[in-house]
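Chain residues, written in single-letter form:
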Amino acid sequence: MWKYIIAVGMLSCIWINAAEIVFQDDIAYLENLTREVGAASRVERNAKAGKWTNQLGFAYFAPGGMDCYPSFWIRDFVMSLECGVIPRETAYAALECMTKYQAKKEMRLPSGAKIPEGSIPDHIRPDGVAVYFPGTYDPAKSGGATWGFRPALDDNFFFIHLAGR
């Protein structure tokens, strides 16, 4: 028992000391880098992203910049909110966008895949086309043997997480 208590005490000291060695200059550098990455990834309204123009009604963040993964990716956006530099208004606009493209009824794709009612898209292209499966930008070619017969469920949980913020 004493070995356990001593080990926990030592780990606590290490944790506290590790927090003390992060300098304010390092934190400032990381905050600045976060803002720069956000600015480079921000796709303004009516701006080109890949071969499309942003018609989603708000400025979103493309995870790889405008030409690499140009769509609005639900999971990437919601995880990015933790960085603390994305305005609340942008988060609210993203939530409205996700709601707009939430599946209103069950849909069947040519691949045999089914999109259940209430599903949240995997990503939404800048031109306003929702894609419920990863791996493609063409909804007609999504799902099936390669990508599965049901969309990933995590986007629904990311939607709930965002709504609860």
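Overview of the structure. As the structure is a prediction and not an experimental result, all values here were calculated from the model. All chains use their own residue numbering, which begins from 1 and follows the written sequence. It should be noted that, the model being predicted, local features are given only for residues of pLDDT at least 70 and side-chain atom pairs only at 80 or more, the latter also being counted only at that level, while totals for whole chains, interfaces and linings use all residues. By convention in this description, side-chain values take in all heavy atoms of the structure and omit both hydrogens and water.

### Focus: the sheet that holds strand 9 (residues 130-131)
Then step 1. Strand pairing requires that DSSP identify at least two bridges connecting the strands. What counts as a helix is a DSSP run of H or I of at least four residues, what counts as a strand is a run of E of at least two, and both are numbered from the N terminus. With respect to topology, three strands assemble into an open sheet ordered 5-8-9, the strand pairing being antiparallel. If you trace the sheet from one side to the other, it starts and ends with strand 5 (72-73) and strand 9, each paired once.
Then step 2. As paired strands, strand 8 (residues 123-124) and strand 9 are joined by two bridges and run antiparallel to one another. Each bridged residue has a counterpart across the sheet, and for I124 the counterpart in strand 9 is A130.

### A few points about the side chain of R75
Then step 1. The residue R75 is located in helix 3 (residues 74-80) in this model.
Then step 2. Think of it in three bands: residues with accessible area under 20% of the maximum for their type are buried, residues over 50% are exposed, and the middle band is partly exposed, with areas taken using a 1.4 Å probe on protein chains only. Given a relative accessible area of 18%, R75 falls into the buried group.
Then step 3. The term polar contact refers here to a pair of N or O atoms within 3.5 Å; inside protein, the definition further demands a hydrogen-donor-capable atom paired with an acceptor-capable atom, and it admits residues adjacent in sequence only when both atoms are side-chain atoms. Of the polar contacts made by the side chain of R75, one reaches the side chain of D122; its length is 2.6 Å.
Then step 4. Contacts were defined at the residue level, with two residues in contact if any of their heavy atoms lie within 4.5 Å. Filtering out sequence-adjacent residues up to four positions away, R75 remains in contact with D122, A152, D154, D155 and F158.

### Looking at the nonpolar core
Then step 1. Core analysis: the largest hydrophobic core is formed by 32 residues, its most contacted members being L56, F58, Y60, F72, F77, M98 and L162.
Then step 2. Looking at this core, the elements with two or more residues in it are strand 4 (60-61), helix 3, helix 4 (88-101) and helix 5 (154-163).
Then step 3. Ranked by the residues each element gives to this core, the list is headed by helix 4, at seven residues.
Then step 4. Contacts of Y60, omitting those with residues within four sequence positions, involve S41, R42, V43, A49, N54, P70, S71, F72 and P126. Residues enter a nonpolar core if they are buried and are Ala, Val, Leu, Ile, Met, Phe, Trp, Tyr or Cys, with the set joined through side-chain atoms within 4.5 Å.

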